[in-house]
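Tertiary structure, described
Listed here are the chains, written in short residue letters.
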Amino acid sequence: MIKLRKNRRYAAVLCGLLAAALLAGCGSTGGKTAEAMQLLQNLQYQEALAVFQTAEEEGENSRLIDRGRGIAYMGLTDYENAIASFEAALAGSDGFVQPVDFDLNYYLAAAFIKNGQPAEAEEVYNAILALRPEEKDAHFLRGNVRLEQGNYEGAKEDFDRVVSLDANNYDRMIQIYQALQHYGYKDVGREYLENAMQVAENKMNSYDSGRMYYYLGEYQKACVALEKAREKGDAESYLYLGRAYEATGDYNYAASVYNSWIAKDTGNAAIYNQLGLCEMAMGDYQQALEAFQAGMQVEGNTLMQTLAFNEIVAYEYLEEYQKAFALVENYLRSYPDDEQAKRERQFLSTR
């Protein structure tokens, strides 16, 4: 039987997949392991490691402990130990491939990527696809690491496979465009969007066509389509509509779009973040700060890191340098591998 990788031999999207895996877990846990996993969700990585040690001493599930340790080491940017932990968890298999083995391999690949080892990450995705040849996430992520290694042809094969498996997944189509754009193949990325619109013809709804126009740079058409989508009252429609107006330079109207959503629903952190960025562009840093801080109050939001960094920048523009410096110091304790934040700290230390 083919086994998933058990020996040690980029994109915003990958983090989302891993966050979902973290929250979902991979089976029943003991009391201490569950406590440590909660600490991980609170970004308390060192504390989690200490509780995992106690869980191990009390004889709780060793695979879940090693998995949790790997996640904690990822959070601490100790990727060598993260890799070792995920491989230890994989080595604890009873020989039958289970869902947790796929989960662990995705984490292992992410650790290799973070450690600057895209070739090793590709091997992991190869192993996943050997058992699940139609695993769309693995094809997409392998396409990304192939681009990282300069293998455009191989990446395109993966992206084409993703589209053939899920031709109506426009979220993924946009992710493919963004990956190709990032690595210098913007025109190829545009082809995916244009082909999707051509295939769908008049069947694509106004929200999806508006997004496609937005990424194609046809902002006026995006605004027209997304105004129609806004009538349905969807937060994502408001978000893209505001961005489209920002792209045309109409920040005042964009801000009104975001505020019109907030007037009826205060539970969307992405709207607050985009409003803050819009206010920043207009030079109203106090309003921007208030928007970022309001977003941070949204319970369970997944943009805490982005909002926290933007809060720091807003304080900097307000020339409250001591406050900004204190916040960036605290930020780096939770997100120690953020190079931009490190540069921000260096700048603030001189103010």
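Residues numbered from 1 in each chain as written. Predicted model: local features only at pLDDT ≥ 70, side-chain atom pairs only at ≥ 80, totals over all residues. Heavy atoms only, no water.

Quick look at unusual backbone geometry now. For leucine 43, which is not a glycine, the phi torsion comes out positive at approximately 65 degrees. Its place among the elements puts leucine 43 in the loop between helix H2 (31–41) and helix H3 (45–57). Its identity as a non-glycine residue notwithstanding, glutamate 319 has a phi of 65 degrees, on the positive side. (Helix = DSSP H or I, 4+ residues; strand = E, 2+ residues; numbered from the N terminus.)

With that settled, consider the packing of helix H8 (residues 136–148) against helix H10 (residues 170–182). At a minimum axis distance of 10 Å, the contact between H8 and H10 shows a crossing angle of 10 degrees. The pairing of H8 with H10 is recorded here as roughly parallel in orientation. Residues Lys136, Asp137, Phe140, Asn144 and Leu147 of H8 form the contact with H10, whose participating residues are Arg172, Gln175, Ile176, Ala179 and Leu180. Considering only residue class, the contact of H8 with H10 consists of five nonpolar, two polar and three charged. (Axes fitted to C-alpha atoms, helices over the stretch in contact; angles between N-to-C directions. Parallel < 35°, antiparallel > 145°, perpendicular 65-115°, else oblique. Contact = heavy atoms within 4.5 Å. Nonpolar A, V, L, I, M, F, W, Y, C, P; charged D, E, K, R; others polar.)

Right, let's talk about the side chain of aspartate 158 for a bit. In this fold, aspartate 158 is placed in helix H9 (residues 152–165). Side chain to side chain, aspartate 158 and histidine 139 meet in a polar contact 2.8 Å long. Not counting the four nearest positions on each side in its chain, aspartate 158 is found in contact with His139, Arg142, Gly143 and Arg146. (Polar contact = N/O pair within 3.5 Å; in protein donor to acceptor, adjacent residues only side chain to side chain.)

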